[in-house]
Amino acid sequence: MKLVSIVIPFYNEQELIQSFFSRLESVIDSLPYSFEFWVINDGSKDQTQTILEEIQSKDSRAQIIQLSRNFGHQSALCAGMEHAKGDLIITMDGDGQHPPELIPEMIRIAESGYDIVLTQRLDEKGQNPVKAGTSRLFYHIINQISDTQTLPGGADFRLLTRQVLDNLLAMPEYHRFLRGMVAWLGFKSVILPFIPAPRIAGKTKYSFKKMVRLASDAIFSFSMVPLYIGLSAGLFFLILAIAEAIYVLSFWIRGDIAALEPGWSSLMFMMLIIGAVLMIILGFIGIYVGYIFQEVKHRPNYVVQKEIKQNHTNQTSNSKNV
Ligand code: UDP
Ligand code: MG
């Protein structure tokens, strides 16, 4: 029987873990596959770990990875995917927004010959309009400036075959935007649309800061366009300078130098604009240098504090560089 690994990260989700697992189990129990769940406690400060251990004591398919602190959603997913042993690997959120009811269909599609089953969020009822709008804008920008096309409204709810996962894990970068990395890999993929359910309980764990970080990981690791903005702005100002020189020269040629006004305000204006453009470009270069710096440090993507496998043997202080 084929083994299916389900990777689920949790960050301060004590209110909903029980109901998520009963829903998940009721869906998969009738399927003719073996399952393992890799649940990642991404540095939760609430009772998440205790509840996950309770779940594990009732369901030996659950394997727990407790990270030493909050490393973020993408790193937590990587921790789970690194450990997964399945022939098919599914990643999903643990808050009930990714309906487990889609899993049988995802497996069926993979078995019919696809390597990747992506899911795409359709409009959610009562969705925060700011979040929906910024998401649309984000995908528009990233698809304009990157060579890799990322599915708008794509979710980290997807199925990968073992071959795809091995290739994904072989990508050594520190900054991870999994949706873009999976799109970059290629392979035969299919898109399954779904309407996200409201969260079972609690509030989003994706703070504004985390969303900005994910967006900048996507933009600066998938595109060089910000650097070209500098080049184009530089060219623009060069043309302005040449035009200005020709204009001034024309007064000289006509012998009409006295007509040239002492232009303090226009000079000031140009200096400010050029200053601003230089700062922006330096900022972009700074970000790329920062990203390169983090890549060359070869820090691990996450640190495991404790792994509780189904046979309850504990491994401590094990870190993994993915
Ligand atoms: N999550 C995580 N680490 C984080 C933030 C979120 O492991 O730093 C988990 C969270 O518990 C949930 C999933 O990632 O299972 C998706 O997060 P959330 O539902 O808060 O994001 P949203 O659906 O609002 O984009
Ligand atoms: Mg959610």
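For the structure given in this document, a descriptive report is provided here. Sequence order as written defines residue numbering, which begins from 1 separately in each chain. Whichever chain is written first is A, and whichever ligand is written first is 1; the rest continue in order. Totals for whole chains, interfaces and linings use every residue, but because this is a predicted model, local features are given only for residues with pLDDT of at least 70 and side-chain atom pairs only at 80 or more, for both listing and counting. No hydrogens and no water enter the side-chain calculation; it runs on all heavy atoms of the structure.

### Brief notes about the overall build of the chain
Working step 1: Put simply, DSSP H or I for four residues or longer makes a helix, DSSP E for two residues or longer makes a strand, and each gets a number counted from the N terminus. Helix and strand counts for the chain stand at 10 helices and 9 strands.
Working step 2: Here the radius of gyration uses the C-alpha set of atoms, whereas the globule reference equals 2.2 Å times the residue count to the power 0.38. Relative to the globule expectation of 20 Å for 322 residues, the C-alpha radius of gyration of the chain, 26 Å, shows a markedly less compact shape.
Working step 3: Overall, the chain is about 95 × 40 × 35 Å in size when its C-alpha atoms are taken along their principal axes.
Working step 4: Taken over 322 residues, the chain has a buried fraction of 45%.
Working step 5: It only takes one pair of heavy atoms within 4.5 Å for two residues to be counted as in contact. The contacts in the chain between residues at least 6 apart in sequence include a share of 79% that link residues at least 24 apart.
Working step 6: Total accessible area on the chain is roughly 16,900 Å²; 63% of this is exposed by carbon and sulfur atoms.
Working step 7: For the chain, the centre of its 29 positive side-chain charges and the centre of its 30 negative side-chain charges are spaced 3 Å apart. Buried means the residue's accessible area, taken with a 1.4 Å probe over protein chains only, is under 20% of the maximum for its type, while exposed means over 50%, and partly exposed covers the values in between. Only the protein chains shown count as covering a residue, and every accessible area follows the Shrake-Rupley method with a 1.4 Å probe. Note that His is not counted, nor are the chain ends; the positive residues are Lys and Arg, and the negative ones are Asp and Glu. Charged side chains are reduced to one point each, which is NZ for Lys, CZ for Arg, CG for Asp and CD for Glu.

### Observations concerning the site of ligand 1
Working step 1: As a matter of local geometry, ligand 1 sits amid 18 residues, with Glu13, Asp42, Asp95, Thr204 and Lys205 nearest to it.
Working step 2: Between N or O atoms, a polar contact is any pair within 3.5 Å; within protein, one atom must be a potential hydrogen donor and the other a potential acceptor, and residues adjacent in sequence are included only when both atoms are from side chains. Taking glycine 94, its main chain carries an N or O atom lying 3.0 Å from an oxygen atom of ligand 1.
Working step 3: At 2.4 Å, a backbone N or O of lysine 205 approaches an oxygen atom of ligand 1.
Working step 4: Look at ligand 1: alone it shows 530 Å² of surface, and the protein chains cover 92% of it.
Working step 5: Any residue that is not Ala, Val, Leu, Ile, Met, Phe, Trp, Tyr, Cys, Pro, Asp, Glu, Lys or Arg is counted as polar, Gly included; the first ten are nonpolar and the last four charged. Of the residues contributing to the shell around ligand 1, the split by class is 4 nonpolar, 6 polar and 8 charged. One heavy atom suffices: a residue is near a molecule or strand as soon as one of its heavy atoms comes within 4 Å of it.

### Examining the nonpolar core
Working step 1: Val7, Leu67, Met81, Leu160 and Leu168 are the most contacted members of the largest nonpolar core, which has 41 residues in total.
Working step 2: Setting aside residues up to four positions removed in sequence, leucine 168 forms contacts with Met81, Leu160, Leu178, Met181, Val182 and Leu185.
Working step 3: Side-chain atoms within 4.5 Å link the members of a nonpolar core, which is a set of buried Ala, Val, Leu, Ile, Met, Phe, Trp, Tyr and Cys residues. Of all hydrophobic cores here, the second largest spans 38 residues; its members include Ile28, Phe37, Ile64 and Leu159.

### A closer look at a nonpolar patch on the surface
Working step 1: Taken together, the side chains of Met224, Leu227, Tyr228, Leu231, Ile285 and Val289 define a hydrophobic patch exposed on the protein surface, amounting to about 580 Å² of accessible area.
Working step 2: Secondary structure elements with two or more residues in the nonpolar patch: α9 (225-253) and α10 (264-297).
Working step 3: Tallying contributions element by element places α9 first for the nonpolar patch, with 3 residues.
Working step 4: Topologically, isoleucine 285 is positioned in helix α10. Only residues whose relative accessible area exceeds 30% and that form no salt bridge are eligible for patches; like-charged ones are grouped when within 9 Å, while nonpolar side chains (Val, Leu, Ile, Met, Phe, Trp, Tyr) are grouped when within 5 Å. Counted as salt bridges are all cases of a side-chain nitrogen of Lys or Arg within 4 Å of a carboxyl oxygen of Asp or Glu.

### A closer look at the environment of aspartate 42
Working step 1: Position of aspartate 42 among the secondary structure elements: in the loop between β2 (34-41) and α2 (48-58).
Working step 2: Along the primary structure aspartate 42 and leucine 67 are separated by 25 residues, whereas in three dimensions their C-alpha atoms are 5.4 Å apart.
Working step 3: The contacts of aspartate 42, once residues within four sequence positions are left out, are Phe10, Tyr11, Leu67, Arg69, Asn70, Phe71, Gly72, His73 and Ala76.
Working step 4: At a separation of 2.9 Å, a polar atom in the side chain of aspartate 42 contacts the side chain of asparagine 70.
Working step 5: A distance of 3.0 Å separates a polar side-chain atom of aspartate 42 from the backbone nitrogen of glycine 72.

### A few points about the pairing of strand β6 (residues 158-161)
Working step 1: Side chains of β6 alternate between two faces, with Arg158 and Leu160 and Leu159 and Thr161 buried alike.
Working step 2: In this sheet, β6 lies alongside strand β4 (residues 88-91) in antiparallel orientation, the contact comprising 4 bridges. Residue pairing across strands places threonine 91 opposite arginine 158, the latter belonging to β6.
Working step 3: Bridge analysis of strand β5 (residues 116-121) against β6 gives 2 bridges, and the strand direction is antiparallel. Each residue of the ladder has a partner; that of isoleucine 116, found in β6, is leucine 160. When DSSP finds two or more bridges between a pair of strands, those strands are recorded as paired.

### Considerations on the packing of helix α6 (residues 162-169) against helix α7 (residues 178-185)
Working step 1: For every element, the axis is a line fit to its C-alpha atoms; helices are fit only across the contacting stretch, and the angle between N-to-C directions ranges from 0 to 180 degrees. Direction vectors running N to C along α6 and α7 enclose 115°, while the axes themselves pass 10 Å from each other. Seen along the crossing, α6 lies across α7 with a hand that is right-handed. Of α7, the residues touching α6 (which contributes Val164, Asn167 and Leu168) are Leu178, Met181, Val182 and Leu185.
Working step 2: Split by residue class, the contact of α6 with α7 holds 6 nonpolar, 1 polar and no charged. Crossing handedness: left-handed means the near helix sits turned counterclockwise from the far one by under a right angle, and right-handed means the same turn made clockwise.

### Focus on the environment of tyrosine 206
Working step 1: Following the sequence through the fold, tyrosine 206 ends up in the loop between β7 (189-194) and α8 (208-222).
Working step 2: Excluding residues that lie within four positions of it along the chain, tyrosine 206 makes contacts with His73, Gln74, Lys131, Met211 and Leu214.
Working step 3: Of note is the side chain of tyrosine 206, whose polar atom sits 3.0 Å from the side chain of histidine 73.

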